[in-house]
Amino acid sequence: MHLHVRHTSEYTYDIPVALGPQYLYLYPRTYPYQRLLTYELTIDPQPSRIVRNIDVEGNVQQVVYFNHPTSHLHVTAEMELQSDEFNSFDFVLFPFETQRVPFQYPKAVEDLLQPYLRQVGVSEKVESWARQLAADANGQTTAFLMLLNQTIRQFTYEIRELGAPLPPEQTLTLRKGSCRDYTTLFMAACRSMGLAARFVSGYLFGNPQQEHQLHAWVEVYLPGAGWRGFDPTQGSLVVNRHIFLTSTAKPELAAPISGTFQGHANSVLRSELQFI
């Protein structure tokens, strides 16, 4: 499958401001079945410098610097990718005791996974709910994850373009939320069962409800399988229609553009996402 994406973000300020460094997570991560063919980043006003690096979690981070006041910031990332079909279930959990939850990761791996195991958002209600789902899945790791996915999929979806994800217990209680709310609830449920989970931000092709905005889903670390993606908004495993931008232990770090400015201006953001 050939995917061509254009993502435009336009910030306007009612008086000129001095922009601090802007941190962009708009460069796709490559996976074995997904290859970046072309990439173009267009920024207005012209930056004085762009530094492209790898952050602490392995994401491509672009740091953009400016040296003149401006009343706007326009950022367009355009990319083409080849995304091949693959079998999302083509893995074997090993050691075999990891086929049931909860389980203990091998020590060497567990040390590396600590940021993704922290019990952030894990309340008594969320943990009890996760344990009931695990029991319903007869303790089988993969069955638990799929049941968790399908259960959240039944919640009422709502578009909420701005703001941090809701606390997991609030999403569970209300039985509704956005894709990032579903994702953080899924993460909390996994972590309550001892499964390492991280937040992924990117794009999804093929769903009219999601195609024109950033999407969020979960990756869970499974011994023998590595990081595997689950999309509770779709109720499915991640397939070749997903494009990955960033993954992180902390959802608040997944913003596509973040930074500061000096001045007392009011700002307005307009964004547009197109599959071409």
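Shown above is the structure to which this text applies.
Residues numbered from 1 in each chain as written. Predicted model: local features only at pLDDT ≥ 70, side-chain atom pairs only at ≥ 80, totals over all residues. Heavy atoms only, no water.

Participant: Account for the pairing of strand β8 (residues 197-204), with residues named and values stated.
Facilitator: Most of β8 is tucked away: eight of the eight residues are buried. As paired elements, β8 and strand β9 (residues 215-222) share six bridges and run antiparallel to each other. When the sheet's bridge partners are listed, F199 is paired in β9 with V218. Bridge count between β8 and strand β12 (residues 242-248): six bridges; the pairing is antiparallel. Residue pairing across strands places F199 opposite T248, the latter belonging to β12. (Buried < 20%, exposed > 50% of the residue type's maximum accessible area, 1.4 Å probe, protein only. Helix = DSSP H or I, 4+ residues; strand = E, 2+ residues; numbered from the N terminus. Pairing = 2+ DSSP bridges.)

Participant: Which residues make up the nonpolar core, and what values go with them?
Facilitator: In this structure, W129, F144, L145, L148, F186, L195 and V220 are the most contacted members of the largest nonpolar core, which totals 44 residues. Of all elements in the fold, only α2 (124-136), α3 (141-153), α5 (179-192), β8 and β9 reach the threshold of two or more residues within this core. The dominant element in this core, judged by the number of residues it contributes, is α5, at eight residues. The contacts of W129, once residues within four sequence positions are left out, are L148, T151, I152, F155, L172, L185 and A189. By size, the runner-up hydrophobic cluster in this structure holds 27 residues, among which are V60, M79, L273 and F275. (Core = buried A, V, L, I, M, F, W, Y, C linked by side-chain atoms within 4.5 Å. Contact = heavy atoms within 4.5 Å.)

Participant: Hey, could you go over the pattern of salt bridges for me, with residue numbers and the actual values?
Facilitator: Across all of its chains, the model carries seven salt bridges by this definition. Note that E127 is salt-bridged to R131, the shortest N-O span being 3.2 Å. Here R131 and E127 lie together in helix α2, a separation of four residues that amounts to about one turn. Between D181 and R160 there is a salt bridge, with its nearest N and O atoms 2.6 Å apart. Taken together, the residues span a long stretch of sequence, with D181 in helix α5 and R160 in the loop between β6 (156-157) and α4 (168-174) at a distance of 21 residues. (Salt bridge = Lys/Arg side-chain N within 4 Å of Asp/Glu carboxyl O.)

Participant: Give a description of the packing of α3 against α5 that names residues and reports values.
Facilitator: Relative to each other, α3 and α5 sit at 150°, their axes nearing to 11 Å. It follows that α3 is roughly antiparallel to α5 by the angle criterion. Regarding α3 and α5, the two cross each other, and that crossing is right-handed. Contacts between α3 and α5 involve F144, L145, L148, N149 and I152 from the first element and Y182, L185, F186, A189 and C190 from the second. Residues that form the contact of α3 with α5 fall into these classes: nine nonpolar, one polar and no charged. (Axes fitted to C-alpha atoms, helices over the stretch in contact; angles between N-to-C directions. Parallel < 35°, antiparallel > 145°, perpendicular 65-115°, else oblique. Left-handed = near helix turned anticlockwise from the far one by under 90°. Nonpolar A, V, L, I, M, F, W, Y, C, P; charged D, E, K, R; others polar.)

Participant: Residues and numbers for the packing of aromatic side chains, please.
Facilitator: One pass over the full model with this rule turns up 15 aromatic pairs. Here the aromatic rings of Y105 and Y221 are separated by 6.2 Å at their centres, their planes lie at 50°, and the arrangement is tilted. Taken together, the positions of Y105 in the loop between β5 (70-83) and α1 (107-112) and Y221 in strand β9 put the pair 116 residues apart, joining distant regions of the chain. Taking relative accessible area as the criterion, Y105 reaches 4% and is therefore assigned buried. Consider the rings of W217 and F244, whose centres lie 5.3 Å apart with planes at 80°: the pair is edge-to-face. With W217 in strand β9 and F244 in strand β12, this pair connects stretches of sequence that are 27 residues apart. Of the residues examined, W217 reaches a relative accessible area of 0% and is grouped as buried. We classify F244 as buried; its relative accessible area is 2%. (Phe/Tyr/Trp six-rings, centres within 6.5 Å; stacked < 30°, edge-to-face > 60°.)

Participant: Quick one: what's the story with the pairing of β5, residue by residue and with numbers?
Facilitator: Examined bridge by bridge, strand β1 (residues 2-24) and β5 share twelve bridges and lie antiparallel to one another. Its bridge partner being in β5, L3 is matched across the sheet by L81. Bridge count between strand β2 (residues 34-44) and β5: ten bridges; the pairing is antiparallel. Paired with Y39 across the strands is M79, a residue of β5.

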